[in-house]
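If you want the building blocks of each chain, they are given just below.
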Amino acid sequence: MTELGLPEDILACLFDLDGVVTRTAVVHAAAWKEMFDAFLREREGEHFRPFDDKDYDEYVDGRPRADGVRAFLASRGIDLPDGTADDPPDAPTVHGLGNRKNDLVLEKIRTDGVEAYDGTLRYIAAVRARGLRTAIVSSSANCRDVLRAIDAEDLFDVRVDGVVAAERALPGKPRPDTFLAAARDLGVDAAHSAVFEDAQAGMDAGRSGHFGYVVGVDRVGQTDALYAHGADVVVKDLAELGGDA
């Protein structure tokens, strides 16, 4: 292993955004809960079963917005029409619910701002100082704005986010396609790339894409689940890997 805590043959590092680089995973989780609880209350009355942390981890964390909506609704036996990507947030459709959740996230970010994990930023700087390529891989369509808000856009050679995935028709996590696209854009194959993720869906993507190393970042106490879904190592902060992070 190198002083970065990675196998010797790793040439590129592919980082998820929410929960790995920025402290926005909790913001997304809160927005999902607020949106789904309001929807379920309206549909089923005050005795509805609320959206909880297990629902977040299993059905929506790390997935593209519409996929997360579909997966959670299916778990409750609810079938809604897909609608279209520009549905208003009050539309009773998959995209309408997704857009309602996105509005809530943006409002929370505008109100509270965005914070980065300092250990991650130092680790990425150490990775780049040692000549490895870097990419940000996120299902978020707001990825570029968030990176600019923390002045971190220049830390990444490549960005594959929700906007790029839509343009290229790339399926999101737990499929590996967005990570594979980022590695290709960097000119490095999967076997020589490391994935850094905090979501179970991201672990699945790393494993199914046959990446050289998969790092799970446990911010919420799900170490066992991250290992079960394919992590090679799990840390609470990237500073634990080394590299003077």
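Look up a bit, the structure's there.
Reading the values: the criteria
Residues numbered from 1 in each chain as written. Predicted model: local features only at pLDDT ≥ 70, side-chain atom pairs only at ≥ 80, totals over all residues. Heavy atoms only, no water. Phe/Tyr/Trp six-rings, centres within 6.5 Å; stacked < 30°, edge-to-face > 60°. Helix = DSSP H or I, 4+ residues; strand = E, 2+ residues; numbered from the N terminus. Buried < 20%, exposed > 50% of the residue type's maximum accessible area, 1.4 Å probe, protein only. Contact = heavy atoms within 4.5 Å. Expected span 1.5 Å × (residues − 1). Polar contact = N/O pair within 3.5 Å; in protein donor to acceptor, adjacent residues only side chain to side chain.

### So, the packing of aromatic side chains
The tally for this structure, following the rule as stated, stands at nine aromatic pairs. Judged by centre distance (4.3 Å) and plane angle (45°), the ring pair of Phe 36 and Phe 72 falls under tilted. Of this pair, Phe 36 sits in helix 1 (residues 25-44) while Phe 72 sits in helix 3 (residues 65-75); the two residues are 36 residues apart in sequence, bridging distant segments of the chain. Phe 72 gets classed as buried once you look at its relative accessible area, which sits at 0%. Ring centres of Phe 51 and Phe 72 lie 5.0 Å apart, and the angle between their planes is 80°; this geometry places the pair in the edge-to-face category. Taken together, the residues span a long stretch of sequence, with Phe 51 in the loop between helix 1 and helix 2 (53-60) and Phe 72 in helix 3 at a distance of 21 residues. Each member of the pair, Phe 51 together with Phe 72, is buried. Aromatic ring contacts, followed pair by pair, group Trp 32, Phe 36, Phe 51, Tyr 59 and Phe 72 into a single cluster.

### A short note on the side chain of Ser 140
Positionally, Ser 140 belongs in the loop between strand 2 (133-137) and helix 6 (143-149). When near neighbours in sequence (up to four residues on either side) are disregarded, Ser 140 contacts Asp 18, Asp 161, Gly 162 and Val 163.

### Here's the deal with helix 5 (residues 118-129)
Here helix 5 spans 16 Å end to end across twelve residues, near enough to the 16 Å set by a 1.5 Å rise per residue. Of the surrounding secondary structure, the elements contacted by the buried residues of helix 5 are strand 1 (12-15), strand 2 and strand 4 (193-197).

### Some thoughts on the side chain of Thr 22
Counting through the fold element by element, Thr 22 comes out in the loop between strand 1 and helix 1. Residue class for Thr 22 comes out buried when judged on its relative accessible area of 0%. A polar atom in the side chain of Thr 22 sits 2.6 Å from the side chain of Thr 24. Not counting the four nearest positions on each side in its chain, Thr 22 is found in contact with Leu 17, Val 114, Glu 115, Ala 116, Tyr 117, Val 146 and Ile 150.

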